[in-house]
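Spelled out, the chains give:
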Amino acid sequence: MFRKALLALPVALALGATAHAEKAPEDVLQGLIDSIDSRYLTQSEMNLMMMPDNPALWVGMDGEDLFHTARGPNNVSMEACDFGKGPGVLEGAYVEMPRYFEDTGKVMDLETRIVHCMTQVQGFPADDPAVRQRHNSESDHMKLQTYIAMQSNGMAWNNPLDHPLETAMRDAGEVLFARRAGMSDFNCYACHGQSGKQVRASVLPNAKVPEDWTKAISWPAFRVGHGHVRSSQHRVRGCYYQMRQPGMLAGSDASIALISYWTDLARGQPAILPDMKR
Amino acid sequence: MFKKTSLAAGVAAFATILFAGGCAIAEADKSGQVDYTAMTPHELAEYLIFEANGGGFNLAQEMQEGGTARERMQQDELQKACSIIGDGKPDAETLEAIRTAATESITYPEGGIQLGDWERGRVLAWSGFGYRVGHNYDDHAREVGGTCYNCHQFATDRVGGNVGPVLTGYGKTRGTSEPILKYVYDMIYNPHTYFPCTHMPRFGSSGFLDEQSIADIMAYMFDPESPVNE
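Everything quoted here is computed from the prediction, not taken from an experiment.

**Digging into unusual backbone geometry**
Look at the link from A:M97 to A:P98: it is a cis peptide, with omega at 0 degrees. Counting through the fold element by element, A:P98 comes out in the loop between α4 (55–68) and β1 (99–101). The omega angle of the peptide bond from A:W219 to A:P220 is 0 degrees, so this bond is cis rather than trans. By the element assignment, A:P220 lies in the loop between α10 (210–216) and β5 (221–223). The backbone of A:R200 shows a phi angle near 50 degrees, a positive value even though the residue is not glycine. Structurally, the position occupied by A:R200 is in the loop between β3 (198–199) and β4 (202–203). Although it is not a glycine, B:D87 adopts a positive phi angle of roughly 70 degrees.

Take a look at the structure:
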């Protein structure tokens, strides 16, 4: 609780609004659990108990420092970057991504937008470790993603579908979600089309139940089994891996289309940020 | 192996939707950018997988079965016909075509269906190894498993999934008559022969499991000594 207050304070100073920070991620999850009968949401009592001490909170604090520090060849902080709500405005930005960005003419997810900010605004070369390393709690990416995403905790997923490209990407993502291929003929429904199903010991979220699905897509989350905070792109990669389909490239338009659709599936449900998963 | 002709009629309507206006895919505007909004969702999805910025996947990677990731991402007729938004089923005619093609795809061992070594079958039924690619490529110097426990419960000494039906006590309750052995062999080889557009993989038709592995996994299900039948 004390730590959460510390986290919220600088945001309050920067933005003058902290309504979302009043509800802790575990309270957002508890609200969902109280609203529907779901084996998926309740499968780990341990994680629920541990969420006030979620290691992702520390990763997010590191991300806060990183975000506000002048970095890169151009020596500017990420406050100069627009995540959809204007330069440096983070409150509620993440639940409205992926979205169309005028400056690139593309629909971008959070990770891709951070790459854009690092390379185009801060001037990092594309092969700099800050840009390239995406997957561990120690990476700049996971720190920044966690910090930025936390400014949307408890808010409803609401990726915009106003621009024709946003709609096109969402609709292509819907096709990808259903698209069977590879050695096992799997598509996303193979695991995410029914409630109460489990693969081995893991209870699976049902894409057709938004209350399940908001937790499923609440990344970054600390994955207890991995000992690291993981991203949406990391989850997508893992799913294709288990489906025996080729490795999806992080930041590809295919990945962003899929994430646009899966975000749309959780529309209106509160995001749990950061989450904790098995 | 898959009889494409027998399915062709059933998926003709689908194919028409998929390929009509396919020229939009190759057209670029003055800036050299392809207009995503001019494509149907199906066209765009295919474009994002195979074309956009060199493809959305690591398409050049070599696959264990031969060929590249590009080929593994290409759908056969069954995969196309069973890719239904919302997870529904295609029409009855298409389902029947899938069922017929599946039945025709099944080949049987010389000398008939045999039960193999249940102990090896137990290991294979548990193993989730094989045919995974991308960032952590499965090297088939190690034995390919059947991933059966992902979805099924067998002997209760280990926790299995519940996406598919419980198979605990399978041989004990059903015996080992020729029809039941054939049924299980078919279900492993190509389950679309009984359940068109099922989510269960075609372990025989796809080449995922070889004849010996199927015989061993079946022994794990049927052998009286197997813990499945305790």
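**Comments concerning the interface of chain B and chain A**
Counting residues at the interface gives 44 residues for chain B and 39 residues for chain A. Breaking the side of chain B that touches chain A down by element, the ones donating at least two residues are α3 (41–50) and α4 (69–73) of chain B. Per-element tally for the side of chain B that touches chain A: the top contributor is α3(B), with six residues. Grouping the amino acids of the side of chain B that touches chain A by side-chain chemistry returns 22 nonpolar, 18 polar and four charged.

**Concerning the confidence of the model for chain B**
Residues and elements named next belong to chain B. Mean pLDDT over chain B: 90, with 86% of residues reaching 70 or higher. Predicted confidence is poor over residues 1–6, with pLDDT under 50, and the contacts of this stretch with residues over four places away or in other chains come to 14 contacts. Segment residues 8–26 is flagged for pLDDT under 50; beyond a separation of four residues in sequence, or across chains, it makes 21 contacts in the model. With pTM at 0.91, the complex prediction returns an ipTM value of 0.92.

**Considering the packing of helix α8 (residues 164–178) of chain A against α3(B)**
The contact between α8(A) and α3(B) brings their axes to 8 Å, and the two run at 80 degrees. Here α3(B) runs roughly perpendicular to α8(A), going by the angle between their axes. Along its contact with α8(A), which presents A:A168, A:D171, A:A172, A:E174, A:V175 and A:L176, the element α3(B) presents B:P41, B:H42, B:L44, B:A45 and B:L48. When grouped by side-chain class, the residues that make up the contact of α8(A) with α3(B) number eight nonpolar, one polar and two charged.

Criteria and cut-off values
Residues numbered from 1 in each chain as written. Chains lettered and ligands numbered in written order. Predicted model: local features only at pLDDT ≥ 70, side-chain atom pairs only at ≥ 80, totals over all residues. Helix = DSSP H or I, 4+ residues; strand = E, 2+ residues; numbered from the N terminus. Contact = placed C-beta atoms within 7 Å. Nonpolar A, V, L, I, M, F, W, Y, C, P; charged D, E, K, R; others polar. pLDDT = per-residue confidence, 0-100. Axes fitted to C-alpha atoms, helices over the stretch in contact; angles between N-to-C directions. Parallel < 35°, antiparallel > 145°, perpendicular 65-115°, else oblique.

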